[in-house]
Amino acid sequence: MKPLASSDAPTVSPAIVPGRMRTFRRKIKKYRALLLMMVPGLLYLILNNYIPMYGVILAFKELNYVDGIFGSPWAGLYNFKFLFNSPDAYLITRNTVLYNGAFIIVNTCLALLVALLVNEIKDKVVTRFYQSTFLLPHIISMVVVAYLVYSFLNAESGFVNRQLANWFGFDSISWYNEASYWPYVLVIVNAWKGVGYLAIIYFAAIIGIDKEYYEAATIDGASKWKQMTRITLPLIAPMIIVMTLLSISTIMRSDFGLFYQVPMNSGPLMPTTNTIDTFVYRAMIVRGDIGMSTAAGVYQSVVCFFLILGANFAVRRISKDNALF
Amino acid sequence: MKKKVSTMLALLMAVVFVLSACGSKTNNDSKNATGENTPATTNEGEGTTNLKPYKLTLVYPGTAQKDLALVQEEMSKYLTEKINATIELKPIDWGSWTDKTNLMKISGESFDLMFTAGWFGYGLDVSKGQFIELNDLMEKYGKDIPTVLGEDFIKGSQINGKSYAVPTKKEFAQGFGFVLNKDLVDKYQFNTEGIKTLEEMEEMFKTIKENEPGIVPVVSNKFASTWSAANYDNSMISRDSKELKVIDTLEDPKFIDFLKRMRQWNLNGWFDKDVVTSDSSGQADNMLKSGKAFALAQSLKPGKDKEMSVTMGLPLVQVETAEPYTTTGEATGAMLAISRTSKDPERAMMFLNMLYTDAKLLNMLDWGIEGKHYVKVSDNMIDYPEGVTAETQGYPSPGGWMFGNQFISYLWANEDPDKWEQFEKFNASAERSIALGFAFDETPVKAELAAVGNVDKEFQMVLNAGAIDDVEGTIAKYKAKRDAAGFQKILEEKQRQLDEWAKTSK
Amino acid sequence: MPIAARVRKSFIHLFFILFSFASLMPFVLVFMVSITDESSIVKNGYSFIPSKFNFASYQFLFNDFGQIARSYGVTILVTLIGTVVSLFITALFAYPLSRKDLPLRRSMSFILFFTMLFSGGMVPWYITYVTMIGLKNSLFGMIIPNLLMSAFNVLLMRSFFANTIPESIIESGTIDGASELTIFLKLVVPLSAPIMATIALFNLLAFWNDWYNCMLFIDKPDLINIQYLMTKTLNNVQFLVMKADTSSQAGELLAKMPTEGVRMALAIIGIAPLLMAYPFFQKYYISGITSGAVKG
């Protein structure tokens, strides 16, 4: 918190300040303008994220309103008990991680495909139209998505059972009663909603690539396919790595709307649709206990923290520049 | 700094409390003889002379109406005359209630009165200290409330012998059964009078199934929950039992038989195909509306069928499958509590007292301003003013069942003029549970409850809807998983609290 | 070769036509449901070609036209201010992070990234905003909390700067004696049009679609934004469905809630302006991207 010492008149004798410290100070001074640029963002992070972090202690408290957050008695690890004592503890963790894993793979592949293909279209008007439609599913809420899925899948009058079953001659299926179909349904719904968004990020990265690379490649007679795999993909690899790392950081969290609202909170589907967040939510309906939901959040964060440290470490070893930190 | 102020305030309040409690006792003894006949007028006398102006805040679930501000102003005018107070009505949308009120409570936001209910976090809020104890306040400033409500309501809503909220006077029991499509009932001349056994109901379903191919006999699996509400107090004490013994319904042969019967119903094709989700998707209601369904399970009260006929848009008739039953859940079905953050709990109690005695105030809150939102057609009957319809009115009722004494609330022109007399009769005749007034404190087993809740969700609906072949096998699986989640500990805790309650309440 | 190229081209178009169809269809469906007669929904389920039209849902909603207009106003104002400020803060934070020689670079990245992993939860966060800055019932309540700078967007931008802005450009600026801010504004920003446009678009969507902050921080009907106006009905319905098992009262309330048609109409009203404005800002968005391509 000391003001930056001017290098001409050091306030502390050089014997005490090691050389490294001095070069560090000089560097700070040199980059003062850059560091100042970061101040608004930093202040915001402190206000929006770091100050409220004291709330983590709620996970270890038996909260009552009279004593408030700090005054309430400690509860030890009791708030975590409901998560780990449950016979479903393994199932919900597995579901959460596997679904997110599937989402990362499916969405990344599809988004890359879309981004690469859009880049091939030279007609601007058409490109614009296609792009406009990509992002549309992203902007509607999951509640509406749930209604849409329901209109397709409901057993009595849904589009699939009423129309498709007739056209293709299969028996009508009681969708909301059969857990085995839901891994596919959820992956499809998630892809439908998320691919456009990701594709736009990748497309922006592709557009940023220097055109000279392609010109050179065309002169050398490289095919379109070769250009994609040898130029485009390697050059946007950093973006892919960042996006994947970011997805890993949320691998323990699940989109509540997707897993709760889209399956219509149907009991028989729980073996394949129950995730940590829906589990916590269902538990909280009984009692809106802030301590317990905070505990679940802490559990998710801690696991993610180590996962991301590992992933980041791996990336750092391969390519230092692409690591997140 | 803030903290210090609030502890000071709390201390101060405590002192005021003790003082007022002491004062009220001596006061009461002398007043009793003279004051009993005209309690309302004495309150008013006090109010206008020496009360400082105060703004009351009333928090309740609902959507803000277009004319909310107008009604608020009108109520404030009236309240200023009576108890020198104004009021702020603060409806909070149902969907955001949990988040918003949790934050209000924990951040110590100041408000005076809040809606609460057994199914809406009452026990939890009391255990966390959000609501203040009302016994003394009620004795001093809310004398009319016990008279209006009667012993059963007050006892039923207490926790460990103390009142933390005042219940709305409304129906005090639940009836159980179905609402049936009246056209079909007439067509096949079903008899809907009196209590029907399940066998008698099955006759009807069978007839419908055989003769009406396009119509589903029973939509939704709500019947199972209605049935258990009729047979168990809070899924833990059997209605037939005369002793306070907590049971596991899954071990009760009566319940197992019932689940097997549901399986049979399902095999007979009496349920709709989406039975597991049709309640939550609203499809059950829609099918009934469109005449594609014959019966919908429903908790009942007098005139329920007429009420639903209006909302559903086709004639319905109700049939009971069990006698009305009163449990703690009924007594705590809708209440108003005073917050610990209220700056003037006495005034809040005066306001509450008026909600039970002052028809003018209550009806303003329930229906809006006379002449603008409704017109009187007789002494206690009202209708829309000319040119106003249900769609265009500026103050759709927030729900009379939430506030005060519903029996002094006006009735609409299309309602039964003697609705409230019927309610009185219904309330008096309902069977009281032996555990009426017992409220389970969930705090010691909250982790177990949370885990068991998830297990219940997984199995209950499937079993209730008879959607699975092997009923007994599923029950065994269900029980094993529930035990793993700590179910036995919950049972033991319930029994322990129940025994304690029995000792103190007798 | 030309034949192969043509075949390839038609395949690409076929792919995108299917893709667009899948994206658009549900919107058409929601719109059709909102103008379908209730009886027709009940009889035939959701359908693209309703047997009977009915605009009652919209009539019902436009009874309170004043509220809808005011809410649009709030949303538009908040979205505009929010998007601009947010883009500014994000870019200013991301650019230094992309400079490999920046001191404290790793710590700063970590400070940023850590916020994506840990949060104190809603309660202390809310208390901070309400008691420390008093955001209750203020337009800023919909602008500042959680939306002003997303760590995710910063990292995206950082990655773009690091990978597509040639170091030589920054060096040349330094040699010319330009200050860091000038280098950033005059040299880096123009080269970053694609990512700026993308992040601006994401911000815009986030502000437009936000109802949660409005729900938490706003009590006054005057300040309610259009998304919350739309979402609250859906939320109310869901909440009551959940409570219907435990309370007969909830079941009764549910029966009085607006019909499916009204809920769909609400959804349409919430997204319609965005859909209508979409082709227009899409134009700038694409030109932003392509201008970056030309210069790059």
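Conventions and cut-offs
- Residues numbered from 1 in each chain as written.
- Chains lettered and ligands numbered in written order.
- Predicted model: local features only at pLDDT ≥ 70, side-chain atom pairs only at ≥ 80, totals over all residues.
- Helix = DSSP H or I, 4+ residues; strand = E, 2+ residues; numbered from the N terminus.
- Rg over C-alpha atoms; globule rule 2.2 N^0.38 Å.
- Buried ≥ 20, exposed ≤ 12 C-beta atoms within 10 Å, placed from the backbone.
- Contact = placed C-beta atoms within 7 Å.
- UniProt positions renumbered as here; feature names shortened; annotations may be inferred.
- Nonpolar A, V, L, I, M, F, W, Y, C, P; charged D, E, K, R; others polar.
- Pairing = 2+ DSSP bridges.
- Axes fitted to C-alpha atoms, helices over the stretch in contact; angles between N-to-C directions.
- pLDDT = per-residue confidence, 0-100.
- Expected span 1.5 Å × (residues − 1).
- Arc of directions from axis to C-beta.
- Right-handed = clockwise from strand over helix to strand, strands pointing away.
- Parallel < 35°, antiparallel > 145°, perpendicular 65-115°, else oblique.
- Left-handed = near helix turned anticlockwise from the far one by under 90°.
- Core = buried A, V, L, I, M, F, W, Y, C linked by C-beta atoms within 7 Å.
- Domains from an automatic or database assignment.

## Side note on the overall build of chain A
The secondary structure content of chain A amounts to 16 helices and zero strands. Rg of the C-alpha trace for chain A: 26 Å, well past the compact-globule value of 20 Å for 325 residues, more than 25% over. Expressed as lengths along the three principal axes of its C-alpha atoms, the size of chain A is roughly 85 × 75 × 30 Å. Residue burial in chain A is summarised as follows: out of 325 residues, 40% are buried. Excluding contacts between residues fewer than 6 apart, the proportion of contacts in chain A whose partners are at least 24 apart in sequence is 68%.

## Regarding the overall build of chain C
Within chain C one finds 15 helices and zero strands. Taken across its 296 residues, chain C has 45% of its residues classed as buried. Put simply, of all contacts in chain C between residues at least 6 apart along the chain, 71% involve residues at least 24 apart.

## Points about the UniProt feature "transmembrane region" (unreviewed entry) in chain A
All names here are of chain A. Taking the UniProt record as the reference, the feature "transmembrane region" (unreviewed entry) is found at residues 31-51, 97-117, 129-150, 181-210, 231-252 and 297-315. Across residues 97-117, helical content stands at 100% and strand content at 0%; the span's end C-alpha atoms are separated by 30 Å. Secondary structure content for residues 231-252 is 82% helix and 0% strand, while the C-alpha to C-alpha distance between its ends is 34 Å.

## Considering the interface of chain C and chain A
On the side of chain A, 70 residues touch chain C, which itself brings 74 residues to the contact. Residues belonging to the side of chain C that touches chain A are distributed by class as follows: 50 nonpolar, 21 polar and three charged.

## Focus: the interface of chain B and chain C
The partner chain C presents 29 residues to the 26 residues of chain B that form the contact. Looking at the side of chain B that touches chain C, the elements that each hand over two or more residues are α4 (97-106) and α14 (283-289) of chain B. Take the side of chain B that touches chain C: its biggest share by element is four residues, from α4(B).

## Quick look at the sheet that holds strand β5 (residues 174-181) of chain B
All names here are of chain B. Spatial ordering of the open sheet is given by β6-β9-β5-β10-β15, a layout of five strands whose pairing is mixed. The outermost strands of the open sheet, each flanked by one partner alone, are β6 (216-219) and β15 (431-432). Pairing geometry for β6 and strand β9 (residues 293-300), over three bridges, is parallel. Directly across from Val-219, in β9, lies its bridge partner Leu-296. Those strands touched by helix α15 (residues 304-312) are β5, β9 and β10 (316-326), and its axis lies near 135 degrees from that of β10.

## Digging into the UniProt feature "transmembrane region" (unreviewed entry) in chain C
Residue and element names in this part refer to chain C. As annotated by UniProt and renumbered to match this structure, "transmembrane region" (unreviewed entry) occupies residues 12-35, 72-95, 107-127, 139-162, 183-208 and 262-281. End C-alpha atoms of residues 72-95 are separated by 34 Å, and the span's content is 100% helix alongside 0% strand. A helix fraction of 96% and a strand fraction of 0% characterise residues 183-208, whose end C-alpha atoms lie 32 Å from each other.

## Examining the confidence of the model for chain C
Residue and element names in this part refer to chain C. Per-residue pLDDT for chain C averages 83, and the proportion of residues at 70 or more is 88%. Taken together, the stretch residues 292-296 has pLDDT below 50 and engages in twelve contacts with residues farther than four places along the chain or on a different chain. This prediction of the complex comes with two scores: 0.83 for pTM and 0.87 for ipTM.

## As for the environment of B:Thr327
Residue and element names in this part refer to chain B. Topologically, Thr-327 is positioned in the loop between β10 and α16 (328-331). Along the sequence, Thr-327 and Lys-222 sit 105 residues apart, while their C-alpha atoms lie 19 Å from each other. When sequence neighbours within four positions are dropped, the list of residues in contact with Thr-327 reads Asp-233, Asn-234, Ser-433 and Leu-436.

## Describing helix α8 (residues 151-164) of chain C
With 14 residues, α8(C) should cover 20 Å at 1.5 Å per step; its first-to-last C-alpha distance of 20 Å lies within 8% of that length. Counting buried positions over the 14 residues of α8(C) gives eleven, a clear majority of the element. Residues of α8(C) that are buried make contact with α10 (182-207) and α12 (224-248) of chain A together with α4 (65-98), α5 (105-117), α10 (180-191) and α11 (193-209) of chain C.

## Focus: the sheet that holds strand β12 (residues 375-376) of chain B
All names here are of chain B. Here we have three strands laid out as an open sheet, ordered β12-β13-β14, and mixed in their pairing. Edge positions in the open sheet fall to β12 and β14 (411-412), since each of these has one partner strand only. The pairing of β12 with strand β13 (residues 381-383) spans two bridges and is classified as antiparallel. Note on β13: the bridge partner recorded for Lys-376 is Ile-382.

## Observations regarding helix α22 (residues 487-505) of chain B
In an α-helix there are 3.6 residues to a turn, and that puts residues three or four apart on one side. Residue and element names in this part refer to chain B. Over its 19 residues, α22 extends 27 Å from the first C-alpha to the last, a length consistent with the 27 Å expected when each residue adds 1.5 Å. Turning to α22, its buried residues number three or more, namely Phe-487, Ile-490, Lys-494 and Trp-501. For α22, the arc enclosing every buried residue in end-on projection is 55 degrees, short of the 170-degree limit, so these residues lie on one face. Exposed residues pointing more than 90 degrees away from the buried face of α22 are listed as Gln-488, Glu-492, Arg-496, Glu-500 and Lys-503.

## Things to note about the pairing of strand β2 (residues 85-92) of chain B
Residues and elements named next belong to chain B. As defined by bridge partners, strand β1 (residues 54-61) adjoins β2 across eight bridges and the pair is classed as parallel. Directly across from Leu-56, in β2, lies its bridge partner Ile-87. Where the polypeptide runs from β1 across helix α3 (residues 68-83) and back to β2, its parallel neighbour, the crossover connection is right-handed.

## Considerations on unusual backbone geometry
Negative phi characterises most residues that are not glycine, and trans characterises most peptide bonds. Positioned with a positive phi, B:Asn234 is a non-glycine residue whose angle comes to about 55 degrees. Structurally, B:Asn234 is set in the loop between β7 (232-233) and β8 (237-238). Backbone geometry places C:Leu104, a non-glycine residue, at a positive phi of 65 degrees.

## Describing the packing of α12(A) against α8(C)
Relative orientation of the contacting elements α12(A) and α8(C) amounts to 160 degrees, with a least axis distance of 10 Å. Relative to α8(C), α12(A) is oriented roughly antiparallel. Along this stretch, α12(A) crosses α8(C), giving a crossing that reads as right-handed. Residues A:Pro238, A:Met239, A:Val242 and A:Leu246 of α12(A) pack against C:Phe152, C:Leu155, C:Leu156, C:Ser159 and C:Asn163 of α8(C). Grouping the amino acids of the contact of α12(A) with α8(C) by side-chain chemistry returns seven nonpolar, two polar and no charged.

## Looking at the environment of A:Gly267
Along the chain, the position of A:Gly267 falls in the loop between α13 (256-261) and α14 (270-273). Once the C-alpha coordinates of A:Gly267 and A:Ala179 are considered, the two residues, 88 residues apart in sequence, prove to be 9.4 Å apart. Leaving out residues up to four positions away in the same chain, A:Gly267 has contacts with B:Val276, B:Lys457, B:Glu458, B:Phe459, B:Gln460, B:Met461 and B:Val462.

## Focus on the nonpolar core
Judged by nonpolar contacts, the single largest core of 200 residues is most densely connected at A:Ala115, A:Ala199 and A:Tyr202. Ranked by residues supplied to this core, first place goes to α10(A) with 14 residues. Here this core gathers at least three residues from each of two domains, domain 3 (175-326) and domain 4 (443-505) of chain B. Of all hydrophobic cores here, the second largest spans 79 residues; its members include B:Phe131, B:Met236, B:Phe423 and C:Phe239.

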